[in-house]
Amino acid sequence: VEGRTLEEILARVSRYPKAVRGNAGGHWNHTFFWNIMTDRKEEQEITPDLLHAFEKYFGSLDDFKNDFVSAGADVLGSGWVWLIKTQSGRLKIVTTQNHDNPLMDVCETPGTPILVCDLWEHAYYLKFKANRSEFLRKFFALVNWTRVHALFTRKLH
């Protein structure tokens, strides 16, 4: 692993011991999660390009939010709900268990993460108890849509 970026390790995580998968994934996922949120109102505005993409792939922004909440609420145990950009440029909602993510070669649906919400109980249980759906709905008030837009428009390799 020496000399490799975290993303390079995740892309070939199946070649490493399970501890690497859990620890590297946990670190990457949490860092991404914390960096996708903001309390700055000017970063919480959805851009027209992103709004158009939500309409194209989900019907509307509200439909996207409902699908995201539903997918996250359906995860059994601990995991994550993601909005990814596929290699073809399509937006898709996917979920992963434990500390897996769409960058990993073990992920059923690979892609570039542009939004994520933590579904581990430590993220929501103290305030929302077992109501994960309510937590997910409230999460949207903290999303840094400026950052999501930057990730959405970034060119894929």
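Think of each chain on its own: its residues are numbered from 1, step by step along the sequence as written. The model is predicted, so local features are restricted to residues of pLDDT at least 70 and side-chain atom pairs to those at 80 or more, both for listing and for counting; the totals for chains, interfaces and linings are taken over all residues. Based on all heavy atoms of the structure, the side-chain values leave hydrogens and waters out of the count.

Side note on the pattern of salt bridges
The salt bridge criterion pairs a side-chain nitrogen of Lys or Arg with a carboxyl oxygen of Asp or Glu, the two atoms within 4 Å. Counting across every chain of the model gives four salt bridges. A salt bridge links Arg21 to Asp100, with the shortest nitrogen-to-oxygen separation between them at 2.5 Å. Separated by 79 residues along the polypeptide, Arg21 in helix H2 (residues 18-35) and Asp100 in the loop between strand S2 (91-97) and strand S3 (112-118) bring together distant segments of the chain. With its nearest N and O atoms 3.7 Å apart, the salt bridge here joins Lys138 to Glu134. Residue Lys138 and its partner Glu134 are located together in helix H6 (residues 132-139), separated by four residues, close to a single helical turn. Classification of Lys138 as partly exposed rests on a relative accessible area of 47%. A simple rule labels every residue: compare its accessible area, found with a 1.4 Å probe on the protein chains alone, to the largest value its type can have, and call it buried under 20%, exposed over 50%, or partly exposed in between. When its relative accessible area of 24% is taken as the criterion, Glu134 is described as partly exposed. Salt bridges sharing partners connect three or more residues here, namely Glu134, Arg137 and Lys138. Segments assigned H or I by DSSP are reported as helices when at least four residues long, segments assigned E as strands when at least two residues long, and all are numbered from the N terminus.

So, the nonpolar core
In terms of nonpolar packing, the biggest core is built from 42 residues, with Phe64, Phe68, Leu83, Leu115, Phe139 and Trp145 touching the most fellow members. Ranked by the residues each element gives to this core, the list is headed by strand S1 (residues 79-85), at five residues. Any pair of residues with heavy atoms lying within 4.5 Å of one another is described as a contacting pair. Every residue in contact with Leu115, bar those within four places of it in the chain, is listed here: Phe32, Ile36, Phe64, Phe68, Val81, Trp82, Leu83, Phe139, Phe140, Val143, Trp145 and Val148. Remark: nonpolar core denotes a set of buried residues (Ala, Val, Leu, Ile, Met, Phe, Trp, Tyr, Cys) joined through side-chain atoms within 4.5 Å.

What to know about the sheet that holds S3
Taken together, the three strands give an open sheet; going across it, the order is S2-S1-S3, and neighbouring strands pair in antiparallel fashion. Edge positions in the sheet fall to S2 and S3, since each has one partner strand and no second. Recorded for the sheet is a direction-independent mean angle of 25° between the axes of neighbouring strands. We call two strands paired when DSSP finds no fewer than two bridges between them. Note: S1 against S3, six bridges, orientation antiparallel. Along S3, the bridge assignment pairs Trp82 with Val116. In this fold helix H3 (residues 48-58) packs onto S1 and S2, with an angle of close to 80° to the strand it touches most, S2. Lines fitted to C-alpha atoms define the axes here, with helix axes fitted over just the stretch in contact, and angles between the N-to-C directions of these axes take values from 0 to 180 degrees. Relative to S1, helix H4 (residues 61-73) is tilted by about 145°, and along the sheet it contacts S1, S2 and S3.

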